Every structure is written in structure tokens, then in C-alpha cells.
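What follows is each chain in one-letter form.
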Amino acid sequence: MAVTFAVTPRTGSAARSQRGRTRRRVRRNLTGWAFAGPATAIVAGLSIFPAVWAFFISRAKWNGITPGIPVGWRNYEQLAQDPDMLAAARHTLVLTALFVPASIVLGIVIAIALNQKIRLLGFYRTCIFVPYVASAAATGILAGFVFNPQFGAANDVLRHLGIPPQQFLESPHQALYVVVLIALWGEVGFTSVIYLAALQAIPRELVEAAVMDGAGRFRVFRHITLPELRPVTVFAAVWQTITAMQLFDLIYTTTRGGPLNTTQTIVYYIYELAFQTQRLGYGAAAAYLLFVVTLLLTLGVIWYGRRRGSEVF
């Protein structure tokens, strides 16, 4: 009996202590959710509900005013045969194929340059990042003045170099490439900053050991720097791919899809379908198709990165 009375109080005390810790943990969780819950509910409601609603709209013929007419998967079938949709997809693919590799290469080059010990380094880093902070609408309006064929600064520079003036955004053969150039000017600051952070995170011991073994700058860059930057490259490729696939505001403020629809991307085509021609069901189907393609491309890049040993996500 003495042993029983000696053990029971300890057991009861431990149980009470455990219940107290559990109550405190539950109280802390409830307090945290009391602050974060409303914002989380608003964000989820503004993203999940419109996505589900858009899916039902995509299977109907609806102009936003009269009741919708269910058409099943007919909108998706028509997208596969729509020449304007195919042209917009081709333009988006070209823009993505040019923009993503160029932004990564320029980001690495600029990050390496900004990682050196030079005067006014903070000023240069700020100048590189400022275009990314500026809105794409402001960037597009400014670019419209710079690349204006009549009085733009770009043609003034070409005249001083003895090169004939160009049409730039008004030329069907040049407009898409100029849009890529403008997008690079606005987005390369992002890749430069993340590559700069990755360069500063590379262990200095690895570089010093390679230099002591006789490796030059090129070999250090190839065998140490690039492998260490691989996870960041996978992330940058995914991010910039999504950015290119969803490019809209820059197109809207520069070319409006012209000239002759040569810069009409998928997102801008969706905007025209939904808000200019009032074909909301057809536009929602195109938006869902863009989502699926973007998701597949993102998963493909992540799979390739993991296959090469770059765990990012």
C-alpha cells in the first residue's frame, strides 16, 4: 500500500502537467488562428471560389448578362481549332522561349558583376532592382515613348550610330522581340538579386580550395559556382516561365496585341474574349487551358531539376 500511495501522486501530477501543456498548446493555436483565420478565409475565398466558378462558366455559353447555356466541353473543343488561339499560343511560346533563358543568363552575369568589390556598389544594385519594383504598366508606357518610331530615344541612338531608324513596336516583324526586350529590362532585376544572394551563400572554403589546387576562374565558375546555383536556377526558371506565360499588362500598355495581332499572347486573347466580345464561357475555357499548360510546364521544370539533383520545392 505504501508503494501504491507513493506512485499515484507522481502519476497524477504528470497527467495534470500533460493536460496543462495540451491546453496551452491548443490556446496558442486558437490565438494564432484568431489572428490569421479571417485573412486566410478571405484569401482562400478570393482564389478558390472564383476558380471553381470559372470552371462551371467554361462549360457554358454566357455573356455575363443573360442566363448561361450549358454546352459541355464544346468550348474546349473549339479552342483546339481556333486559329486565333493557336496564333496566341505560338506568340506566347516564342516569348517564353526567348525571355526565360535570357533572364537567367543576364541574371547570373549581372549578379557576378555586382558580387565584386567595386565603388558605388550599393548604387549599382539599386539601379538594377528599381525596374523590377516599378509597375509593368509604367514600364510599358515609358517603353512606348522610348521605342516610338518618330521621336523615340532608341531611334536617336541608331541615327548617331549610322543605322536606319526602325519601326520597333509598330513593325509586325520586330514588335514581339521588342516586347521581350522590355520585359527583360523590367524582370532581370529579380533574377539578379536571387543569384546575388545565392553567390554570397556559396561556402568560401570551396572556392579557396579550388584555387589552391590550381583551378582558374573559368573552372571555378564551371565546377563550383554553377552547381551551387542549380537550385536557384530551377526556381528562377519556374518563376520566369509563369511570368512569361501570364504576361498581360506590358502587352496592354504597349501594343494592345498588335500590329496585326503579332504580339497577342494567350492572356491578352483571354482578355479580349471575356471583356471585349463578352464571350465569358469561351474565355474561361481558354484560361483553364492556360492554367493546365502552365502547371505542366512548371512540373516538368521541377522534375528535371530534381532529376539533376536540384531540390528546390
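Reading the values: the criteria
- Residues numbered from 1 in each chain as written.
- Predicted model: local features only at pLDDT ≥ 70, side-chain atom pairs only at ≥ 80, totals over all residues.
- Heavy atoms only, no water.
- Helix = DSSP H or I, 4+ residues; strand = E, 2+ residues; numbered from the N terminus.
- Rg over C-alpha atoms; globule rule 2.2 N^0.38 Å.
- Contact = heavy atoms within 4.5 Å.
- Areas by Shrake-Rupley, 256 points an atom, 1.4 Å probe, with all protein chains shown as cover.
- Axes fitted to C-alpha atoms, helices over the stretch in contact; angles between N-to-C directions.
- Parallel < 35°, antiparallel > 145°, perpendicular 65-115°, else oblique.
- Left-handed = near helix turned anticlockwise from the far one by under 90°.
- Nonpolar A, V, L, I, M, F, W, Y, C, P; charged D, E, K, R; others polar.

A. Molecular detail of the overall build of the protein chain. A tally of helices and strands in the protein chain yields twelve helices and two strands. On C-alpha atoms alone, the protein chain measures out to a radius of gyration of 27 Å, which is more than a quarter above the 20 Å that the 2.2 N^0.38 rule sets for 313 residues. If you line up the protein chain on its principal axes, its C-alpha atoms span 105 × 75 × 35 Å. Once local pairs closer than 6 in sequence are excluded, the contacts in the protein chain between residues at least 24 apart make up 64%. Summed over its atoms, the accessible surface of the protein chain is roughly 19,600 Å², and 67% of this surface lies on carbon and sulfur atoms.

B. Spotlight on the packing of helix α4 (residues 121–133) against helix α7 (residues 175–201). The contact between α4 and α7 brings their axes to 6 Å, and the two run at 130 degrees. When the axes of α4 and α7 are compared, the pair comes out oblique. Judged by the twist between their axes, the crossing of α4 over α7 is left-handed. Residue-level inspection shows Arg125, Ile128, Phe129, Pro131 and Tyr132 of α4 in contact with α7, the latter providing Trp185, Gly186, Glu187, Gly189, Phe190, Ser192, Val193, Leu196 and Gln200. Considering only residue class, the contact of α4 with α7 consists of eight nonpolar, four polar and two charged.

Spatial relationships are all this shows, so hold off on functional conclusions.
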